[in-house]
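Summary of the model geometry
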2 protein chains.
Amino acid sequence: MRKMPHIRVAVDAVVFGYRDRKLNVLLIKRSIEPFKDSWALPGGLVLENESLETAVERELKEETNVTIDYLEQLYTFGNVDRDPRNRVVSIAYFALVKPEHHLIKADTDAKDVAWFAIDDLPNLAFDHQKIFETAKNRLKSKLTYEPIGFDLLANKFLFSDLEKLYTTILEKDIDRRNFRKKILSFNILEELEQKVSEGRGRPANLFKFNQKQYFKLLKEGFLFDIK
Amino acid sequence: MRKMPHIRVAVDAVVFGYRDRKLNVLLIKRSIEPFKDSWALPGGLVLENESLETAVERELKEETNVTIDYLEQLYTFGNVDRDPRNRVVSIAYFALVKPEHHLIKADTDAKDVAWFAIDDLPNLAFDHQKIFETAKNRLKSKLTYEPIGFDLLANKFLFSDLEKLYTTILEKDIDRRNFRKKILSFNILEELEQKVSEGRGRPANLFKFNQKQYFKLLKEGFLFDIK
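The rules we used
- Residues numbered from 1 in each chain as written.
- Chains lettered and ligands numbered in written order.
- Predicted model: local features only at pLDDT ≥ 70, side-chain atom pairs only at ≥ 80, totals over all residues.
- Heavy atoms only, no water.
- Contact = heavy atoms within 4.5 Å.
- Buried area = accessible area lost by both parts, 1.4 Å probe.
- Salt bridge = Lys/Arg side-chain N within 4 Å of Asp/Glu carboxyl O.
- Polar contact = N/O pair within 3.5 Å; in protein donor to acceptor, adjacent residues only side chain to side chain.
- Helix = DSSP H or I, 4+ residues; strand = E, 2+ residues; numbered from the N terminus.
- Nonpolar A, V, L, I, M, F, W, Y, C, P; charged D, E, K, R; others polar.
- Axes fitted to C-alpha atoms, helices over the stretch in contact; angles between N-to-C directions.
- Parallel < 35°, antiparallel > 145°, perpendicular 65-115°, else oblique.
- Left-handed = near helix turned anticlockwise from the far one by under 90°.
- Least-squares fit on C-alpha atoms with pLDDT ≥ 70 in both.

1. Considerations on the interface of chain B and chain A
At the junction of the two partners, chain B supplies 31 residues and chain A supplies 31 residues. Surface buried jointly by chain B and chain A totals about 2700 Å² across both partners, of which 57% is contributed by carbon and sulfur atoms. At the boundary of chain B with chain A, the tally comes to 0 salt bridges. At the surface where chain B touches chain A, the tally comes to 11 residue pairs in polar contact (both at pLDDT 80 or more). Those elements that provide at least two residues to the side of chain B that touches chain A are β1 (8–19), α1 (52–64), β5 (70–77) and β6 (88–97) of chain B. Looking at the side of chain B that touches chain A residue by residue, the classes come out as 14 nonpolar, 6 polar and 11 charged.

2. Points about the packing of helix α3 (residues 159–170) of chain B against helix α4 (residues 176–185) of chain B
Residue and element names in this part refer to chain B. Between α3 and α4, the least distance of the axes is 11 Å, while the angle of their chain directions is 110 degrees. The angle between α3 and α4 falls in the class roughly perpendicular. Between α3 and α4 lies a crossing of right-handed hand. Here Phe159, Leu162, Glu163 and Tyr166 of α3 lie close against α4, whose contacting residues are Arg176, Phe179, Arg180, Ile183 and Leu184.

3. Let's talk about the relation of the copies chain B and chain A
Note that the two copies of the chain are related through a rotation about an axis and a translation along the same axis. Once chain B is rotated about the relating axis by 180 degrees and shifted along it by 0.0 Å, it coincides with chain A to within an RMSD of 0.0 Å. With respect to symmetry, the two chain copies, as superposed, fit the operation of a two-fold axis. Of all interface residues in chain B, 100% are interface residues in chain A too; the two copies therefore contact each other through one and the same surface.

Listed below in structure tokens is the structure:
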């Protein structure tokens, strides 16, 4: 008979925020070996009596104190040698945080916590660079077929903010007129009375994402698609 | 300090085959408790020195002897009470098998193994019904944006087979003329000289999927899209 394998189960989270018109990721500085003082994705071992989602939420709370607006399972990383101590299988999650919730505070296992622009990341512990890349690709592809971009914007935003978010994350220019026409044709945005001045131009209206309307349309077969 | 959690790590596979113009899934009959004599997805515990993919391939070989044509990670199921014995987290995989590889043979842990049409499934052990549903949804959505349908068809097929596969799995009628025009416009199919008689109609040409050409087009930015 085979001997019972000893494999530990962890969760890790790639938490994205959109700050100063750049995509950022939330990292913690490790206070223990291995990779002591290295930056890493927040995460840790799953407890016996909690679900995977509960474990991610607990670890994020403990290590970063961040409030999550969107959470989904990303991928499970299980290479034999991904942790120098023991065999650890990590279920990675993908999370989005609105600017209203960007405030963070290091705690317990983490020595420090900070937002990093994704074009200026430090070396990451373990296989966290690979987990991060997987999450970045998921975000890029999801942006074109689900309205998850709104979970990176403030509740009220200018249309130009949405446009900029798309060009930044998709890393390509978009035809501004077509983009505006297409998004507005979906009828999932509410144009508010409130106006804000943008640079030297005339004041522009603020918008709000109407999630209730989106879910209603979804049931009727609507496809969000901005490829 | 928290006590070290004991969580076991397993893999399970949802293996699809397309038989007699119906989508089928590969099940094994359990020879041990719990759920002894119930039908279940093939799978088992991951060994300490093997990757998750190696574990799935080993378990499929041991329990069903099937040869896989396409394999990808599906989702990780980790509810606290999904196994009555111990806490077990299962990384589920999604696999496709061409008709050339439909031959199966029960072995080791499995008392029996069989293909079941998905509209006529027995009660499944554990949370395997939920895992199966997740895989079915993944297959339905992937079929519209990746040419994975060809991994369910024989190497040489009639265009009407491809059409039937899509209507069966997507569970809706398709406009046959548009479908044919669209798929052929992608330039990823090779029309062979070889002809086959279909029912009372005149003989129709066989087709072959040109995977090499597909990967070439993919690099150039081609999007397979048949929504």
